[in-house]
Amino acid sequence: MYPIAAGIVVQTRELSEELHRSLEDLSIRLLLELSEIPTDWPGFLDRIDRVRPDVIMLDVMHLREPLEDVVRRIRSTAAHPAVFALHTTAEPAAILEALRAGASEYLYPPLKDALKAALERLSQAREGSREGGKPTGKTLGFVSAKGGCGATTLACHIATQLPRLVQSKVLLADLDMQAGLVGFLAKTKSPYSIADAVNNLQRLDQSFWHGLISNGIPDLEILTAPVAPGAKQVLVPQLKQVLAFARGQYGWSVLDLGRNLNGATLSILDLVDETYLVTTHEVPALHQAKQMIRFLLDSGYPQANIRLILNRLPKRLDVTLDEMEQMLGLPIFATLANDYHALQEAYVEGRLVDGNSHLGKSFGRLAAKIAGTTEDKKKKFTLFG
Ligand SMILES: Nc1ncnc2c1ncn2[C@@H]1O[C@H](COP(=O)(O)OP(=O)(O)OP(=O)(O)O)[C@@H](O)[C@H]1O
Ligand SMILES: [Mg+2]
């Protein structure tokens, strides 16, 4: 279900109280609220432009201007929010006038059931337009088959390369709540983490978001995992709302999903367009990878969206890539050579791997393949990148 973000402009006290009661049990994100009809329309429209709600719930009883004009202006902002007209009366003339003016719903007390149904209709419509090809952000998840296979290393290096390749803003978010390392590897400065976004959903708009993220590399913004033990448990529905919000803000989002799959990562997979499963050639890792693939497929995740990456390949292998593909039942999307020294040297110097080094070039080629900018998309990587 598409998560709905709303703005409320309600001056009539009876409507306001009823609306808040009705919203209590509904899972919507409230982005802005006014208790008076705005007098400064340009300022108000600017705010709508910034927070991009899906709907404005508008008290139509106190408007000083024709409803038609008000709806048109609200609809002309960036996110084209729907307008729900709220009134205390169910008079047919008032209903007709509101719908003719372009409101998508007309609601009056008791609001609860009608509002829920209206939000469901809106959610379906928004989902439909997303599936209809409207460009929203693409989300990539990196997960390690077994601890230490290299999911974090890849997420960081790929995310760094993507802005240049996809020509858009990229988010790197650390969802490894237990052992998030992205902040350390990418040398972020913000003291805030994804837990602050999850715990402040009602404040989540662009300006709040900008207070949370770190940036140092142009067009790459980073949201780290919480460090404090008490902040590590985040609620999944709220986390999903944060990710859905991020999706609208960035052309591409890269998520470090940590090791293996847990309840939280599994339940956000419907927001992950491509899952990069990072494994090594070692038998325990391959065994875990195979189990994860089976688990993903059993839970309905499309096979075409699972991308297998063999990391840390030694110069000599006991098994061939074909044998590994047969064992795992999936093609290998890319392989990367084992280069302990390149990574160690970079980390000692507090930076990521140099793009001109052998491993750096491999990361670059993999990023290009993920971005779809390589010439021959079918060509498999050579064994040593
Ligand atoms: N291609 C590589 N060559 C050599 N060492 C690598 C390579 N990729 C990653 N490593 C090293 O392997 C170790 C584990 O990497 P990383 O932290 O990225 O794995 P992870 O899958 O995120 O682990 P975790 O499960 O702990 O989150 C690190 O020391 C990293 O530098
Ligand atoms: Mg990791």
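Residues numbered from 1 in each chain as written. Chains lettered and ligands numbered in written order. Predicted model: local features only at pLDDT ≥ 70, side-chain atom pairs only at ≥ 80, totals over all residues. Heavy atoms only, no water.

1. Quick word on the site of ligand 1
Looking at ligand 1, there are 18 residues lining it, with Ser-144, Thr-152, Thr-153, Arg-259 and Asp-339 nearest. Taking Cys-149, its main chain carries an N or O atom lying 3.2 Å from an oxygen atom of ligand 1. Contact between ligand 1 and Ala-151: an oxygen atom at 2.9 Å from a main-chain N or O atom of the residue. If ligand 1 stood free it would expose 630 Å²; the protein chains cover 84% of that surface. For the shell around ligand 1, the secondary-structure elements that each account for two or more residues are helix 6 (151-166), strand 12 (306-313) and helix 14 (340-348). A per-class count over the shell around ligand 1 returns six nonpolar, eight polar and four charged. (Near = heavy atom within 4 Å. Polar contact = N/O pair within 3.5 Å; in protein donor to acceptor, adjacent residues only side chain to side chain. Areas by Shrake-Rupley, 256 points an atom, 1.4 Å probe, with all protein chains shown as cover. Helix = DSSP H or I, 4+ residues; strand = E, 2+ residues; numbered from the N terminus. Nonpolar A, V, L, I, M, F, W, Y, C, P; charged D, E, K, R; others polar.)

2. Notes on the pattern of salt bridges
Going through the model one piece at a time under the given rule, you end up with 13 salt bridges. Close ionic contact of Glu-105 with Arg-121 constitutes a salt bridge, the shortest N to O distance being 2.9 Å. Residue Glu-105 is located in strand 5 (residues 105-107), and its partner Arg-121 is located in helix 5 (residues 112-131); the two are separated by 16 residues in the primary sequence. The structure contains a network of salt bridges with shared partners spanning Lys-138, Glu-274 and Arg-307. (Salt bridge = Lys/Arg side-chain N within 4 Å of Asp/Glu carboxyl O.)

3. Some thoughts on unusual backbone geometry
With an omega of -5 degrees, the peptide bond running from Pro-109 to Pro-110 counts as cis. Summarising the element assignment, Pro-110 is placed in the loop between strand 5 and helix 5. Despite not being glycine, Arg-52 shows a phi value in the positive range, around 50 degrees. Secondary-structure assignment places Arg-52 in the loop between helix 2 (41-51) and strand 3 (55-59). With relative accessibility at 36%, the residue Arg-52 sits in the partly exposed group. Positive phi outside glycine occurs at Lys-187, with the angle close to 55 degrees. With respect to the secondary-structure elements, Lys-187 resides in the loop between helix 7 (182-185) and helix 8 (194-198). (Buried < 20%, exposed > 50% of the residue type's maximum accessible area, 1.4 Å probe, protein only.)

4. Observations regarding the sheet that holds strand 3
Taken together, five strands build an open sheet; the order of strands is 2-1-3-4-5 and the sheet is parallel. Each of the sheet's edge strands pairs with one partner strand only, and the pair in question is strand 2 (29-34) and strand 5. Sheet twist, expressed as the average angle between the axes of neighbouring strands with direction ignored, equals 20 degrees. Across four bridges, strand 1 (residues 5-9) lies against strand 3 in parallel orientation. (Pairing = 2+ DSSP bridges. Axes fitted to C-alpha atoms, helices over the stretch in contact; angles between N-to-C directions.)

5. Let's talk about helix 6
Taking 1.5 Å per residue as the helical rise, helix 6 with its 16 residues ought to reach 22 Å, and the 21 Å between its terminal C-alpha atoms agrees with that figure. Helix geometry: helix 6 is bent most strongly at Thr-160, by close to 30 degrees, with proline Pro-163 lying one to four residues after it. A large share of helix 6 lies buried, amounting to 14 of its 16 residues. Where helix 6 terminates, the next one or two residues include Gln-167, which has phi positive at roughly 55 degrees. (Expected span 1.5 Å × (residues − 1). Bend = angle between axes of the 7 residues up to and from the residue.)

6. Examining the domain arrangement of the protein chain
As far as domains go, the protein chain holds domain 1 (5-131) and domain 2 (138-371). Relative to domain 2, the C-alpha centre of domain 1 lies at a distance of 38 Å. Counting residues at the interface gives eight residues for domain 1 and eight residues for domain 2. Linking domain 1 with domain 2 are zero salt bridges. (Domains from an automatic or database assignment. Contact = heavy atoms within 4.5 Å.)

7. Let's talk about the state of the cysteines
Here the structure, examined in full by the defined rule, presents zero disulfides. Here Cys-149 is not disulfide-linked; the sulfur of Cys-156 is the nearest cysteine sulfur, at 16 Å. Under the relative-accessibility criterion, Cys-149 is labelled buried at 2%. Relative accessible area serves as the criterion here: at 1%, Cys-156 is assigned to the buried category. (Disulfide = S-S within 2.5 Å.)

8. Things to note about the packing of helix 12 (residues 283-298) against helix 13 (residues 321-328)
Between helix 12 and helix 13, whose axes approach to 9 Å, the crossing angle comes to 40 degrees. When the axis of helix 12 is compared with that of helix 13, the two are oblique. Touching Leu-286, His-287, Ala-289, Lys-290 and Ile-293 of helix 12 are Met-324, Met-327 and Leu-328, all from helix 13. For the contact of helix 12 with helix 13, a count of residues per class yields six nonpolar, one polar and one charged. (Parallel < 35°, antiparallel > 145°, perpendicular 65-115°, else oblique.)

9. Considering the environment of Gly-372
Along the polypeptide, Gly-372 turns up in the segment after helix 15 (358-371). On the accessibility criterion, Gly-372 (31% relative accessible area) is partly exposed. Between the C-alpha atoms of Gly-372 and Val-166, which are 206 residues apart in sequence, the distance is 8.7 Å.

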